[in-house]
Amino acid sequence: MRHSSIFLGLITAGVALTGCMLVRPAQHWEPFPYETFHSQLVIHSDAPLSGKQRLLDELAEQRGLINSKLSLVPTETPIHVYLYGDESDYTAFMNLRFPEMASRRAIFVGTDQKLSVYAYWGDHVAEDLRHEVSHGYLHAAVPTLPLWLDEGLAEYFEVGEGRRGYNITHVQLLAAQAQSNNWLPELTRLEALDSAADMTQQDYAESWAWVHYLLESDERAEVLTSYLHDLADGNPTEPLSTRIGRRLIVPQSALAEHVLTLR
Ligand SMILES: [Zn+2]
């Protein structure tokens, strides 16, 4: 539960929330005097980012990685990343603006007008930014992404290029449950989630596991990518679990067996 995401849709009557978050009007009273552009990313920071170029380059390159893996059409929608140099400044901001999420190290906020990431430069900044920026790229291409899939994909891509989505934290959690026959994952349960604030570590792990399972074979990946394309195009779509049931043979034990092969 290191990360979180808030997805907002603005309507004429006010602000409609698809997460259970009350968010104040968009405004930035915090000073971010430094601004740099890295492809689709606009990095705003309260301190110079000299010496941080490698991570910023990696975040920019993640655009191609995600779009290629998911066969998505790249967009040019800017993703604004607000970076605090100190955790205390970030926490003060979060307590004011997103108190329900103040314990999270980083956050993605998506509206129909702007995609924003907030984070601070701490020990986990690379993983945090890869995760939150993934939300940005995904929302730019597929604004109606279901919550569980949004998080599952971000957990997949947060590990960085070259690891094929292997997230050791989730493997360890789920493999222990699978080995003791104590895990019966149901995708329909994840599909019913509607609040990022209420998602548990188990929810993040299972969401990641479904994404990893689907992306690890061409046949299964096609079911996921075609679903994403229909969402991106605004086509009517049934839940992904329904599509999987129609197009693939996925035994009840498939996900557990997949995770056990990853130990
Ligand atoms: Zn997230």
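As recorded in an unreviewed UniProt entry, the protein chain goes by DUF1570 domain-containing protein and comes from Bythopirellula goksoeyrii.

(A) Up close: the overall build of the protein chain. Regarding its fold elements, the protein chain presents ten helices and seven strands. Expressed as a percentage of its 263 residues, the buried residues of the protein chain come to 52%. Taking all contacts inside the protein chain whose residues are at least 6 apart in sequence as the whole, residues at least 24 apart take part in 69%. A total accessible area of about 12000 Å² is found for the protein chain, and carbon and sulfur atoms account for 52% of it.

(B) Structural context of the packing of helix 1 (residues 53-69) against helix 3 (residues 125-141). At a minimum axis distance of 10 Å, the contact between helix 1 and helix 3 shows a crossing angle of 40°. Crossing of helix 1 against helix 3: the hand is right-handed. Where helix 1 approaches helix 3, its residues Leu55, Glu58, Leu59, Ala60, Gln62, Arg63 and Ile66 are matched on the opposing element by Val125, Ala126, Leu129, Arg130, Val133, Ser134, Tyr137 and Leu138. When its residues are assigned to classes, the contact of helix 1 with helix 3 shows ten nonpolar, two polar and three charged.

(C) Up close: the coordination of the zinc ion. Every protein donor of the zinc ion is listed here as His131 (NE2), His135 (NE2), Glu151 (OE) and Glu151 (OE), and their distances to the metal cover 2.1 to 2.8 Å. Viewed at the metal, the four donor atoms of the zinc ion are separated by angles of 51 to 151°, and the geometry they form is irregular. Donor residues binding the zinc ion come from one chain and are separated in sequence as H-x3-H-x15-E. In this pair, His131 is assigned in helix 3 and Glu151 in helix 4 (residues 147-157), connecting sequence segments 20 residues apart. Residue His131 is classed as buried on the basis of its relative accessible area of 0%.

(D) Structural view of the environment of Ala119. Its location among the elements puts Ala119 in strand 7 (residues 115-120). Note: C-alpha distance between Ala119 and Leu129 (ten residues apart in sequence) is 7.3 Å. Every residue in contact with Ala119, bar those within four places of it in the chain, is listed here: Tyr82, Leu83, Tyr84, Tyr90, Arg105, Ala106 and Leu129.

(E) Main features of the pattern of salt bridges. Applying the stated criterion to the full structure yields eleven salt bridges. Arg189 is paired through a salt bridge with Asp203; the nearest N and O atoms lie 2.9 Å apart. With Arg189 in helix 6 (residues 187-191) and Asp203 in helix 7 (residues 201-215), this residue pair connects regions lying 14 residues apart in the sequence. The salt bridge involving Arg189 is made with Glu206; its shortest N-O contact spans 3.3 Å. Here Glu206 lies in helix 7 and Arg189 lies in helix 6, a separation of 17 residues in the sequence. With a relative accessible area of 4%, Glu206 lands in the buried category. One network of salt bridges, with partners in common, ties together Asp230, Glu238, Arg243 and Arg246.

(F) Region of interest: the packing of aromatic side chains. Enumeration over the complete set of coordinates arrives at eleven aromatic pairs. Here Tyr82 and Tyr118 contribute two aromatic rings whose centre-to-centre distance is 5.1 Å and whose plane-to-plane angle is 15°, an arrangement assigned as stacked. Residue Tyr82 is found in strand 5 (residues 79-84), and its partner Tyr118 is found in strand 7; the two are separated by 36 residues along the sequence. For Tyr82, a relative accessible area of 4% gives the class buried. Taking relative accessible area as the criterion, Tyr118 reaches 2% and is therefore assigned buried. Between the aromatic rings of Tyr90 and Tyr120, the centroid separation amounts to 5.2 Å while the plane-to-plane angle is 45°, which identifies the pairing as tilted.

(G) Looking closely at the nonpolar core. Counting 60 residues, the largest nonpolar core has Leu70, Leu129, Leu149 and Leu153 as its most contacted members. Residue contributions to this core peak at eight residues, all from helix 7. Residues from two domains meet in this core; each of domain 1 (3-143) and domain 2 (168-261) gives at least three. Here Leu129 is in contact with Leu55, Leu59, Val81, Leu83, Val117, Ala119 and Ser134, once residues within four sequence places are set aside. Ranked by size, the runner-up nonpolar core spans 17 residues in total, among them Tyr82, Tyr84, Tyr120 and Leu147.

(H) Unusual backbone geometry, seen in detail. Positioned with a positive phi, Arg164 is a non-glycine residue whose angle comes to about 50°. Although it is not a glycine, Asn181 sits at a positive phi angle of roughly 55°. The class for Asn181 is exposed, based on a relative accessible area of 73%.

Calculation criteria
- Residues numbered from 1 in each chain as written.
- Predicted model: local features only at pLDDT ≥ 70, side-chain atom pairs only at ≥ 80, totals over all residues.
- Heavy atoms only, no water.
- Helix = DSSP H or I, 4+ residues; strand = E, 2+ residues; numbered from the N terminus.
- Buried < 20%, exposed > 50% of the residue type's maximum accessible area, 1.4 Å probe, protein only.
- Contact = heavy atoms within 4.5 Å.
- Areas by Shrake-Rupley, 256 points an atom, 1.4 Å probe, with all protein chains shown as cover.
- Axes fitted to C-alpha atoms, helices over the stretch in contact; angles between N-to-C directions.
- Left-handed = near helix turned anticlockwise from the far one by under 90°.
- Nonpolar A, V, L, I, M, F, W, Y, C, P; charged D, E, K, R; others polar.
- Donors = N, O, S within 2.8 Å, 3.2 Å for Na, K, Ca; no water.
- Tetrahedral: all angles 85-135°; square planar, octahedral: opposite > 155°, others 65-115°.
- Salt bridge = Lys/Arg side-chain N within 4 Å of Asp/Glu carboxyl O.
- Phe/Tyr/Trp six-rings, centres within 6.5 Å; stacked < 30°, edge-to-face > 60°.
- Core = buried A, V, L, I, M, F, W, Y, C linked by side-chain atoms within 4.5 Å.
- Domains from an automatic or database assignment.

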